[in-house]
Amino acid sequence: MTGQGIGKTLLATVISDAKIRECSVLMLLNHKERESYQREFYRKQGWIERETVANFIYPLNARSHSH
């Protein structure tokens, strides 16, 4: 369900808390297949996609191998 403002509220809360804690950067991971990525939700909220960084995993068991 979209349009409820829940995502915006959660992001605002995380950003506010990070500023209080004097963090210098926040990082967010999202699958490109997700609807939120497809409709550019995070980009519209001011988040910048890092095109120069690759995100890797090293599966240690059968369960962690699935996406």
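Each value, and the rule that gives it
Residues numbered from 1 in each chain as written. Predicted model: local features only at pLDDT ≥ 70, side-chain atom pairs only at ≥ 80, totals over all residues. Heavy atoms only, no water. Phe/Tyr/Trp six-rings, centres within 6.5 Å; stacked < 30°, edge-to-face > 60°. Buried < 20%, exposed > 50% of the residue type's maximum accessible area, 1.4 Å probe, protein only. Helix = DSSP H or I, 4+ residues; strand = E, 2+ residues; numbered from the N terminus. Polar contact = N/O pair within 3.5 Å; in protein donor to acceptor, adjacent residues only side chain to side chain. Contact = heavy atoms within 4.5 Å.

Caption draft 1: Representation of the packing of aromatic side chains within the structure. By the definition in use, this model includes 1 aromatic pair. For the pair Phe-41 and Tyr-42, a centre-to-centre distance of 5.0 Å together with 80° between the ring planes defines the contact as edge-to-face. Accessibility expressed as a relative area gives 23% for Tyr-42, which makes it partly exposed.

Caption draft 2: Geometry of the side chain of Ser-36. Inspection of the secondary structure puts Ser-36 in helix 2 (residues 35–38). Residue class for Ser-36 comes out buried when judged on its relative accessible area of 11%. Polar contacts involving the side chain of Ser-36 include one to the side chain of Asn-30, which spans 3.1 Å. Setting aside anything within four residues of it in sequence, one finds Ser-36 in contact with Asn-30, Phe-41 and Tyr-42.

Caption draft 3: Spotlight on unusual backbone geometry. With phi around 60°, Glu-22 is a residue other than glycine that occupies positive phi space. Within the secondary structure, Glu-22 is located in the loop between helix 1 (6–20) and helix 2. Looking at Glu-22, the relative accessible area reads 71%, which means it is exposed. Positive phi values are uncommon outside glycine, yet Glu-40 reaches one of about 60°. By the secondary structure assignment, Glu-40 is in the loop between helix 2 and helix 3 (41–44).

Geometry only, nothing functional implied.
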